[in-house]
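Observations on the model geometry
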Protein chains: 2
Amino acid sequence: MNAQTTLFLSRDDAELRQKIAEVAPQIEIVSRAQLKDHPERLEQIEIAYGGLNRDQISRATALKWFQNGGAGVNGLPLSELFAREVQITTVSGIHARCIAEHLFGMLLSLTRELHTAREHQNRREWKPLGGNILSLYGKTLGVLGVGAIGAQIARVGRAFEMKPIGLRRGGAGHPEIETMYTSENRLEFFARSQIVMNVLPLTDATRGFMGEAEFDALPDGAIILNAGRGATIDTPALLGALESGKLRAALLDVTDPEPLPADHPLWEMPNVFITAHYAGAHPEYNAEADAIFLDNLRLYLKDEPLHHVVDKTAGY
Amino acid sequence: MNAQTTLFLSRDDAELRQKIAEVAPQIEIVSRAQLKDHPERLEQIEIAYGGLNRDQISRATALKWFQNGGAGVNGLPLSELFAREVQITTVSGIHARCIAEHLFGMLLSLTRELHTAREHQNRREWKPLGGNILSLYGKTLGVLGVGAIGAQIARVGRAFEMKPIGLRRGGAGHPEIETMYTSENRLEFFARSQIVMNVLPLTDATRGFMGEAEFDALPDGAIILNAGRGATIDTPALLGALESGKLRAALLDVTDPEPLPADHPLWEMPNVFITAHYAGAHPEYNAEADAIFLDNLRLYLKDEPLHHVVDKTAGY
């Protein structure tokens, strides 16, 4: 730590400032507004909590620790930060519960025909449905990416009496997962997955992870959900699998490209449901992210290892 | 059992007939079509699997066992059947998983703003949402009616890290439920329930179970779901609680009256989502109902106690 530590706060919030003052009374805070008026202060920033762009990061030559405000760091200049030995931490974990809620909400909207029910309600029509209902119980749930989010998804899947299998780097087992696969035997994983929930981060290893071969491997009538990153799925391969009828549906919180342009074919395909990248949003988000940052700040000031550090090799 | 047992089958299905023949080769089957042509055969029917109306039941003087095709028997002439010592059985239990799926689908459609997302998709608009999101985790889930369905609801709620409390006749505890209430201390139950899932059967004791006092007892901003029977909720009291803002939302698979007339105010209230009484529908329904009936048929022929018998005192 420098004699005078300067912290950049992307979100200026009186309550957060108060909590920072309790942890580190000596710290100097630079807000987004102050940085706009005094761009030269970039060079003093030792700690950043969210919100610096690539150019600002390049010019923040004193930066030692970057606390990301989200879980995904694929937008950061990772190789530059690693080369400069800047520690990068995320708020990984605070999305687990709400992303599981979002994904099962999207899935059940489809399987219980809730969009159609809503249209009937809008026309004041009482019409029992059922012809396109699919039961979750007994289905094999392929959890693509088993970290905190994937584990919570598997746990909910088990409560619905689904059979969760998983795929993760390294392939270490997990108590909520019946069988764990790796990228090496991914086609076996996809061949068993009647419903895939993709929560992969975007790295060199996961870009285009689901391509033509992976879609081909799926059981006919499979459902694919994505709340990881859009580019982990090859969009042309996805469109092909939807058009051929291989897929029953694609439920996407993330897309590639993003935002999805108004003329993109995904918008109007009959078996596609899109939510605009907000699966991770929940009212407690800032409070939970701040709690992680404040914990890390305490550790940083004591020169102890931080939590949720981005792994240089894995890239997430 | 009579010398010649006659069975009425509401749903005529070659596979079901085959299975019945395996269990009871000697049994004579009367289909709905045959009954139409020969109404006098009503008097021969000893066993009915679904589909007789009140008038037909009155005239089926040889009837000894009525296997209902659904879980709810509030449409049957119960007192007459009990007086005639006709056994009544249901397919209770086969709805548990799909009703839990349906209720959480309705709930998550609301809490994850999925109806709004769908409207944005219809306009090809990429608009992240979040302002009205509610997290399930940490919320107290009031399970109103803890049988097979309520237990499954509680189990899923726990996986979402909700806190399930319950209310049931008799008040016996349940491993998935933290605290169990009865109708005597129902106001304490409602006072704690941020989200109520009502799966009560309709009996003399449950008609209008949720009235003005119960809605008043709820925490402000509570959400009420109903997949039991519409008349367990007093509709004017529900409308009042919606209009006053006491309730955040009402998500209804059943209503009173039902079907809901096109001019009913519930249709267009902003915080109401209606599905037309199909929470219990699922593709495996007939196969699972038939399995219960066939099990019971085996027991009946051996003069052993049947499963899922309607309790004379409770009325369900």
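So, a few notes on the structure that sits alongside this text. These figures come from a predicted structure and were not determined experimentally.

Within chain A one finds 11 helices and 12 strands. Here the C-alpha radius of gyration of chain A, 22 Å, is about what a compact globule of 316 residues would show, namely 20 Å. Projected onto the principal axes, the alpha-carbon positions of chain A cover approximately 70 × 50 × 35 Å. Every one of the 316 residues in chain A was classed for burial, and the buried ones make up 55%. Residue pairs in contact within chain A that sit at least 24 positions apart in sequence constitute 57% of those at least 6 positions apart. As displayed, chain A offers around 13,000 Å² of accessible surface, 48% of which is attributable to carbon and sulfur atoms. Distance between charge centroids for chain A: 4 Å, based on 31 positive and 40 negative side chains.

Attention now moves to the packing of aromatic side chains. In the structure shown here, the tally under the stated rule is 19 aromatic pairs over all chains. Residues A:Trp65 and A:Tyr300 carry aromatic rings whose centres are separated by 5.2 Å and whose planes lie at 25° to one another, so their mutual orientation is stacked. Of the two residues, A:Trp65 sits in strand E4 (residues 65-67) while A:Tyr300 sits in helix H11 (residues 285-301), which places them 235 residues apart along the sequence. Judged by its relative accessible area of 10%, A:Tyr300 falls in the buried class. Ring-pair connections join several aromatic residues into one group, and the members of that group are A:Tyr49, A:Trp65, A:Phe293 and A:Tyr300. When the ring centre of B:Tyr137 is taken as reference, the NZ or CZ atom of A:Arg97 above it lies at 3.6 Å.

Residues and elements named next belong to chain B. Spatially, the seven strands line up as an open sheet ordered E8-E7-E6-E9-E10-E11-E12, and their pairing is parallel. Looking at the sheet topology across the chains shown, the edges are occupied by strand E8 (180-181) and strand E12 (272-274). In the sheet, strand E6 (residues 140-144) pairs with strand E7 (residues 163-167) via five bridges, with the strands oriented parallel. Each residue of the ladder has a partner; that of Gly 142, found in E7, is Ile 165.

The omega torsion of the bond from A:Asp256 to A:Pro257 falls at 10°, within 30 degrees of zero and hence cis. If you trace the backbone, A:Pro257 turns up in the loop between strand E11 (247-252) and strand E12 (272-274). In this model, B:Glu258 is joined to B:Pro259 through a cis peptide bond whose omega is -5°. Although it is not a glycine, B:Glu85 adopts a positive phi angle of roughly 60°. On the secondary structure map, B:Glu85 appears in the loop between helix H4 (78-83) and strand E5 (87-89). You can call B:Glu85 exposed: its relative accessible area is 69%. In the Ramachandran plot, B:Asp303 falls in the positive-phi region, its phi being about 60° despite a non-glycine side chain. Locating B:Asp303 in the fold gives a position in the segment after helix H11 (285-301). Exposure remark for B:Asp303: the relative accessible area of 72% places this residue in the exposed category.

Mapping chain B onto chain A is achieved by rotating through 180° and translating by 0.0 Å along the same axis, at an RMSD of 0.1 Å. Such a combination of turn and shift is consistent with a two-fold rotation axis. Rotation axis and chain B: the residue whose C-alpha lies nearest the axis is B:Gly105, separated from it by 2.7 Å. Taken as a fraction of all interface residues of chain B, those also at the interface in chain A reach 100%, which identifies the copy contact as same-surface.

Okay, the sheet that holds E4(A) next. All names here are of chain A. A sheet is described by the order of its strands in space; here five strands give the open sequence E2-E1-E3-E4-E5, paired in parallel fashion. The open sheet terminates on both sides in strands that have one partner only, identified here as strand E2 (28-31) and strand E5 (87-89). Recorded for the sheet is a direction-independent mean angle of 20° between the axes of neighbouring strands. Direction of pairing for E4 relative to E5: parallel, over a ladder of three bridges. The partner of Gln 67 across the bridge, within E5, is Thr 89. Against the sheet, helix H1 (residues 14-23) touches strand E1 (6-9), E2 and strand E3 (45-49), its axis set at about 160° to E1.

Here we come to the pairing of strand E9 (residues 195-198) of chain A. All names here are of chain A. Burial along E9 is two-sided: the residues Ile 195 and Met 197 and Val 196 and Asn 198 are all buried. With four bridges connecting them, strand E6 (residues 140-144) and E9 associate as parallel partners. If you follow Gly 142 over to E9, its bridge partner there is Val 196. As paired strands, E9 and strand E10 (residues 222-226) are joined by four bridges and run parallel to one another. Its bridge partner being in E10, Ile 195 is matched across the sheet by Ile 223.

About the cut-offs
Residues numbered from 1 in each chain as written. Chains lettered and ligands numbered in written order. Predicted model: local features only at pLDDT ≥ 70, side-chain atom pairs only at ≥ 80, totals over all residues. Heavy atoms only, no water. Helix = DSSP H or I, 4+ residues; strand = E, 2+ residues; numbered from the N terminus. Rg over C-alpha atoms; globule rule 2.2 N^0.38 Å. Buried < 20%, exposed > 50% of the residue type's maximum accessible area, 1.4 Å probe, protein only. Contact = heavy atoms within 4.5 Å. Areas by Shrake-Rupley, 256 points an atom, 1.4 Å probe, with all protein chains shown as cover. Lys, Arg positive; Asp, Glu negative; His and termini not counted. Charge placed at Lys NZ, Arg CZ, Asp CG, Glu CD. Phe/Tyr/Trp six-rings, centres within 6.5 Å; stacked < 30°, edge-to-face > 60°. Lys NZ or Arg CZ within 6 Å of the ring centre and 35° of its normal. Pairing = 2+ DSSP bridges. Least-squares fit on C-alpha atoms with pLDDT ≥ 70 in both. Axes fitted to C-alpha atoms, helices over the stretch in contact; angles between N-to-C directions.

The values are spatial; any link to function lies outside them.
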